[in-house]
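Each chain, written out:
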Amino acid sequence: MAFNRKEKLRDNIEAIRTVFTLEKQQRAATPEEREILGRFCGFGGLKCILNPAANLMDAAQWTKSDRELFPLTAELHRLIRDNSKDEREYKRYFDSLKSSVLTAFYTPPEVVAALADTLYDNGITPRRLLDPSAGQGVFISAFGVNAPGAEVMAFDKDLLTGKLLSFLYPQHKVRAEGFERIEKPFTGYFDVAASNIPFGDVAVFDPEYTGAGNYSRRAAAKTIHNYFFLKSLDTVRDGGIVAFITSQGVMNAREGAIRMEMLKHADLVSAIRLPNNAFRANAGTDVVSDILFLQKRDRPIDIEPDWVHLEQNEDGFAINSYFVDHPEMILGDMVMESTRFGPDSACKAREGED
């Protein structure tokens, strides 16, 4: 199913409208309202909300392909403005939404269910679960099937998404703030950290990292995906699991300093490379993603494993050694594509598997 931007934007507006209603009436969501909240998909793939939409004259500045979304974008602005106590709060809400446009690409539930079931089938049922980038809560829901009594802490930096999560999962600790705000008492606290983490050259301010003497930790604070891996390893106990969906850039980065830093604290249990159409229906984006399973250990490793290095596969692509040794974990065919950043490898779905 193709990503329908108009439908997704409408679903988001109705979910946000419901959040404001529940907040004003100070009550829990009904089953029907929970269904509306559950259709929220974030604003990744909906960059139109960054365009001016104060009046009809603004529509002239929009591209032709986006113009049909102008009325809904204007409605979103009105909805948030009408439910803000002042202009400052309105700006905070919208600035928060704008920042999520770059990172909020939500995950197909079936992918997350498979991740959670994989851990369960291997005897891992968390008592304490961390989701550092919760979105609409699909990881909370998936893990709740096999671990309904787990203590959950979930972060989402977007203010409205955080409020929505609080109504969807009132029994859990939902925090509408950045993961970097997690406190020291939660070091080594969780059994599992699982999420589809944000990716990109977005810096994170965390004094423990930005002021660290460790070069790799300082470098990690400059790229949000690397930061999430290292910070989450800090928060899980020895033997705990970090299970993240992330871009292929973590495993394929030519500079291996972050993988070496990960290696200091954890073993790579398994990795799965997803085809680049895996998120198309949910987020309207084609991106090669990996599911990485790391297990934290309490002592240094004696032998350096291959997965911290790159090598060429049989087709001549520079690829992480893990996938060279385990080609069955690549759920597609690796090909080279031209991008605006130059040639890059992609994992194409095999014929008949779109």
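Scroll up a little and you will see the structure.
This section reports on the structure supplied with the text. Only a predicted model underlies this, so the values are computations on that prediction, with no experimental measurement involved.

**Considering the pairing of strand β4 (residues 190–196)**
Then comes step 1: Within β4, seven of the seven residues are buried, leaving the element largely enclosed by the surrounding structure.
Then comes step 2: As paired strands, strand β1 (residues 128–131) and β4 are joined by two bridges and run parallel to one another. Bridge assignment links Leu130 to a residue of β4, and that residue is Ala193.
Then comes step 3: Here six bridges tie β4 to strand β5 (residues 236–247), and the two strands are oriented parallel to one another. By the bridge assignment for β5, Ala193 is matched with Val242.

**Structural notes on helix α1 (residues 5–25)**
Then comes step 1: With 21 residues, α1 ought to run about 30 Å at 1.5 Å a step, and its terminal C-alpha atoms sit 30 Å apart, in line with that.
Then comes step 2: Within α1, the full set of buried residues consists of Lys8, Leu9, Asp11, Asn12, Ile13, Ala15, Ile16, Thr18, Val19, Phe20 and Leu22.
Then comes step 3: N-cap assignment for α1: the residue whose side-chain oxygen lies 3.2 Å from the backbone N of Lys6 is Asn4.
Then comes step 4: At the C-terminal side of α1, Gln26 shows a positive phi close to 50 degrees.

**Let's talk about the sheet that holds strand β7 (residues 289–296)**
Then comes step 1: The strand order across the open sheet formed by seven strands is β3-β2-β1-β4-β5-β7-β6, and the pairing between neighbours is mixed. On the outer flanks of this sheet lie β3 (173–175) and β6 (266–274), each paired with one strand and no other. Each strand of the sheet is rotated relative to its neighbour by a mean of 10 degrees, with strand direction disregarded.
Then comes step 2: The sheet contact formed by strand β2 (residues 151–155) and β3 spans three bridges and is parallel. Each bridged residue has a counterpart across the sheet, and for Met153 the counterpart in β3 is Lys173.
Then comes step 3: Its contacts with the sheet place helix α6 (residues 138–146) against β1, β2, β4 and β5, and it is angled at close to 135 degrees to β4.

**Quick notes on the packing of helix α10 (residues 224–235) against helix α12 (residues 257–265)**
Then comes step 1: With their axes 10 Å apart at the nearest point, α10 and α12 run at an angle of 10 degrees to one another. It follows from the interaxial angle that α10 and α12 lie roughly parallel. Mapping the contact onto sequence places Asn226, Phe229, Leu230 and Leu233 in α10 and Ile258, Glu261, Met262 and His265 in α12.

**Things to note about a negative patch on the surface**
Then comes step 1: Negative charge collects at one region of the surface, where Glu304, Asp306, Glu311 and Asp325 lie side by side.
Then comes step 2: Considering the arrangement of structural elements, one finds Glu304 in the loop between β7 and β8 (310–312).
Then comes step 3: Judged by relative accessible area, Glu304 falls into the partly exposed class, the value being 42%.

**Here's the deal with unusual backbone geometry**
Then comes step 1: With a phi close to 50 degrees, Gln26 is a non-glycine residue in the positive phi region.
Then comes step 2: Positionally, Gln26 belongs in the loop between α1 and α2 (31–38).

**Regarding the packing of aromatic side chains**
Then comes step 1: For the coordinates displayed, the defined rule picks out 14 aromatic pairs.
Then comes step 2: Seen in terms of ring centroids, Tyr189 and Phe190 are 5.1 Å apart; in terms of plane orientation they differ by 85 degrees. Their pairing is edge-to-face.
Then comes step 3: Assessed through its relative accessible area of 0%, Phe190 is described here as buried.
Then comes step 4: For the cation-ring pair, Arg81 lies above Tyr90, with the distance from its terminal atom to the ring centre recorded as 4.0 Å.
Then comes step 5: Across the ring face of Tyr189, the terminal group of Arg128 is positioned such that the distance to the ring centre comes to 3.9 Å.

**Side note on empty space enclosed by the protein**
Then comes step 1: Counted under the stated rule, the structure contains one cavity of 30 Å³ or more.
Then comes step 2: The calculated volume of the largest cavity comes to roughly 40 Å³.
Then comes step 3: Contributions of two or more residues to the lining of the largest cavity are made by α5 (109–121) and α6.
Then comes step 4: Its residues assigned to classes, the lining of the largest cavity comprises six nonpolar, two polar and no charged.

**Looking at the environment of Thr125**
Then comes step 1: Tracing the backbone shows Thr125 in the loop between α5 and β1.
Then comes step 2: Residue classification places Thr125 among the partly exposed residues on the basis of a relative accessible area of 39%.
Then comes step 3: When the C-alpha atoms of Thr125 and Ala150 are compared, they prove to be 8.5 Å apart, with 25 residues separating the residues in sequence.
Then comes step 4: What Thr125 contacts, discounting residues up to four positions off in sequence, is Tyr120, Asn146 and Ala147.

How each quantity is defined
- Residues numbered from 1 in each chain as written.
- Predicted model: local features only at pLDDT ≥ 70, side-chain atom pairs only at ≥ 80, totals over all residues.
- Heavy atoms only, no water.
- Buried < 20%, exposed > 50% of the residue type's maximum accessible area, 1.4 Å probe, protein only.
- Helix = DSSP H or I, 4+ residues; strand = E, 2+ residues; numbered from the N terminus.
- Pairing = 2+ DSSP bridges.
- Expected span 1.5 Å × (residues − 1).
- Polar contact = N/O pair within 3.5 Å; in protein donor to acceptor, adjacent residues only side chain to side chain.
- Axes fitted to C-alpha atoms, helices over the stretch in contact; angles between N-to-C directions.
- Contact = heavy atoms within 4.5 Å.
- Parallel < 35°, antiparallel > 145°, perpendicular 65-115°, else oblique.
- Patch = residues over 30% accessible without salt bridge, like charges linked within 9 Å, V, L, I, M, F, W, Y side chains within 5 Å.
- Areas by Shrake-Rupley, 256 points an atom, 1.4 Å probe, with all protein chains shown as cover.
- Salt bridge = Lys/Arg side-chain N within 4 Å of Asp/Glu carboxyl O.
- Lys, Arg positive; Asp, Glu negative; His and termini not counted.
- Charge placed at Lys NZ, Arg CZ, Asp CG, Glu CD.
- Phe/Tyr/Trp six-rings, centres within 6.5 Å; stacked < 30°, edge-to-face > 60°.
- Lys NZ or Arg CZ within 6 Å of the ring centre and 35° of its normal.
- 1 Å grid on protein atoms, 1.4 Å probe; cavity = no way out; pocket = protein on both sides within 12 Å on 5 of 7 lines; lining within 4 Å.
- Points joined across faces, edges and corners; volume = space filled by probe spheres on them.
- Nonpolar A, V, L, I, M, F, W, Y, C, P; charged D, E, K, R; others polar.

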